[in-house]
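Next come the chains, spelled out residue by residue.
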Amino acid sequence: PHALEFPTERGRTAHALFYEPTSPDHQAPQGERRPLIVMSHGGPTGATTPIFSLATQFWTSRGFAVVDVNYGGSTGYGRAYRERLNGEWGVVDLEDCVNAAKYLVERGQADGERLLITGGSAGGYTTMCALTFTEDFAAGATYFGISDLERFETGDGHKFELMYNHKLIGPYPEDAEVYRARSPINFVDRISTPMLVLQGADDQVVPPAQSELIVHALDERQIPHAYLLFEGEGHGFRKAEN
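Residues numbered from 1 in each chain as written. Predicted model: local features only at pLDDT ≥ 70, side-chain atom pairs only at ≥ 80, totals over all residues. Heavy atoms only, no water.

This part is about the sheet that holds strand 1 (residues 2-7). Strand order in the open sheet made by the eight strands is 1-2-4-3-5-6-7-8, with mixed pairing throughout. The two strands at the open ends of the sheet, each matched to only one other strand, are strand 1 and strand 8 (225-230). Adjacent strand axes in the sheet meet at a mean angle of 20° when their direction is disregarded. Here strand 7 (residues 195-200) pairs with strand 8 via six bridges, running parallel. Across the sheet, leucine 198 pairs through a bridge with leucine 228, a residue of strand 8. Across the face of the sheet, helix 8 (residues 208-221) comes into contact with strand 7 and strand 8 while running at roughly 155° to strand 7. (Pairing = 2+ DSSP bridges. Helix = DSSP H or I, 4+ residues; strand = E, 2+ residues; numbered from the N terminus. Axes fitted to C-alpha atoms, helices over the stretch in contact; angles between N-to-C directions. Contact = heavy atoms within 4.5 Å.)

Turning our attention to the nonpolar core. Formed by 49 residues in total, the largest nonpolar core has its most connected members in Leu36, Val38, Val67, Val69, Trp89 and Ile214. Looking at this core element by element, the count peaks at eight residues for helix 3 (residues 92-106). Discounting chain neighbours no more than four positions away, the residues touching valine 69 are Phe6, His15, Ala16, Val38, Met39, His41, Thr48, Asp96, Cys97 and Ala100. Among the nonpolar cores identified, the runner-up in size contains five residues, and Leu17, Tyr19, Ile37 and Val66 belong to it. (Core = buried A, V, L, I, M, F, W, Y, C linked by side-chain atoms within 4.5 Å. Buried < 20%, exposed > 50% of the residue type's maximum accessible area, 1.4 Å probe, protein only.)

Scanning all chains against the criterion turns up eight salt bridges. A salt bridge links glutamate 32 to arginine 114; its shortest N-O distance comes to 2.8 Å. Here glutamate 32 is found in the loop between strand 2 (13-19) and strand 3 (36-40), whereas its partner arginine 114 is found in the loop between helix 3 and strand 5 (115-120), with 82 residues between them in sequence. Between glutamate 150 and arginine 180 there is a salt bridge whose closest N-O contact spans 3.0 Å. With glutamate 150 in helix 5 (residues 149-156) and arginine 180 in helix 7 (residues 176-181), this residue pair connects regions lying 30 residues apart in the sequence. Overall, the relative accessible area of 16% leaves glutamate 150 in the buried class. Arginine 180 gets classed as partly exposed once you look at its relative accessible area, which sits at 31%. Through salt bridges with shared partners, a single network forms among Arg10, Glu88 and Glu95. (Salt bridge = Lys/Arg side-chain N within 4 Å of Asp/Glu carboxyl O.)

A word on the packing of helix 3 against helix 4 (residues 122-133). Between two packed helices, the angle of one axis relative to the other and the distance separating the axes together describe the packing. At a closest axis distance of 10 Å, the pairing of helix 3 and helix 4 adopts a crossing angle of 70°. When the axes of helix 3 and helix 4 are compared, the pair comes out roughly perpendicular. Contacts between helix 3 and helix 4 pair Asp93, Leu94 and Cys97 from the former with Tyr125, Thr126, Cys129, Ala130 and Phe133 from the latter. (Parallel < 35°, antiparallel > 145°, perpendicular 65-115°, else oblique.)

Mapped onto the fold, glutamine 109 is located in the loop between helix 3 and strand 5. With relative accessibility at 16%, the residue glutamine 109 sits in the buried group. Side-chain polar atoms of glutamine 109 contact the side chain of glutamate 20, separated by 3.5 Å. For glutamine 109, the contacting residues outside a window of four places in its chain are Phe18, Glu20, Arg34 and Leu104. (Polar contact = N/O pair within 3.5 Å; in protein donor to acceptor, adjacent residues only side chain to side chain.)

So far we have only geometry, and geometry alone does not tell us how the molecule works.
Pasting the structure below:
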């Protein structure tokens, strides 16, 4: 990948890894810009690295460019960068994923009409936010993502990360309105973009109820979507057949 530094909101710079599409057997039509997949890592205070990934190569070998975003809040760029996400989860991560895509479109390295976004867990939440609060993407895929932050805080969340969101969003219940304002499930009337929802049936970190909330809303609004529930899978798919 190429390490990218790109402009984002509030006069800041954010980071990403950009993978050009390449195939030994095929070339895109002359003058055609490539579709782009924006990847949003989990955590959300984790990070993506340039380690060799067959999952990324799957897409680049088939004509897709990939930008794997280390949005503000990601580990590895210093304390100030990591702390950008404090109180700003659902805002800074979303802004940086959108601006990574726009940066590549402006440079002629991606087709602005064929932008896609995907992510798992916290990245799945960012994906849902992108498809709810922006109109920049043509489609998205969320893996075991969070659709309702308030419900996640009050019942669906797991003990290991208890009060994690108090740093990332705000104390609860004092900032309950912030939790509601950043939850895609409360703004389904804004969703018009096709969505793929994938979920492990045995997920104890982000339980199936979080995916089923958004799927039910998509059903009601007749938005093109698919829901795949994988039996015997937890938070991250392990079985070869899946």
